[in-house]
Amino acid sequence: DFPIKDEDKKAKLLEASKNNFAILIDYYSIDWDYDKELFKSQTQVMAGFGKKRQIVNKVVENRLKKGKKYNIAVRLVDIFGNDSEARTEIDLR
């Protein structure tokens, strides 16, 4: 549920986000080698500010070295200020 009181605006945002969830993302950052204790932001992707605001890029590339196991963490903030984190492990050994 979107924290918007105006039902017309809420309906428009819901309809727009059905086809492109990224319009709801304000910012995300990635720690490509998360040590499970300290998040070190190594890549940042922002929607921008004011009239320069754009939909965030949903694709980010990074070349990870073979021979290592990586814990990757992503922290995301939506346009309402809510934040979340997701983690995954990639074994390139």
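Just above, that's the structure.
The structure presented is a predicted model; accordingly, all values stated were derived computationally and were not measured.

How each quantity is defined
- Residues numbered from 1 in each chain as written.
- Predicted model: local features only at pLDDT ≥ 70, side-chain atom pairs only at ≥ 80, totals over all residues.
- Heavy atoms only, no water.
- Pairing = 2+ DSSP bridges.
- Helix = DSSP H or I, 4+ residues; strand = E, 2+ residues; numbered from the N terminus.
- Axes fitted to C-alpha atoms, helices over the stretch in contact; angles between N-to-C directions.

Visitor: Sorry, what's going on with the sheet that holds strand β2 (residues 43–46) here?
Guide: One key point about sheets: their strands pair by backbone hydrogen bonds, in either a parallel or an antiparallel sense. As summarised here, the arrangement of the four strands in space is β2-β1-β3-β4, forming an open sheet in which the pairing is antiparallel. Bordering the open sheet on either side are β2 and β4 (83–91), each of which pairs with just one other strand. For this sheet, the mean inter-axis angle between neighbouring strands, taken without regard to orientation, is 15°. Relative to strand β3 (residues 69–78), strand β1 (residues 25–31) is paired through six bridges, and the arrangement is antiparallel. Residue pairing across strands places Ile25 opposite Asp78, the latter belonging to β3.

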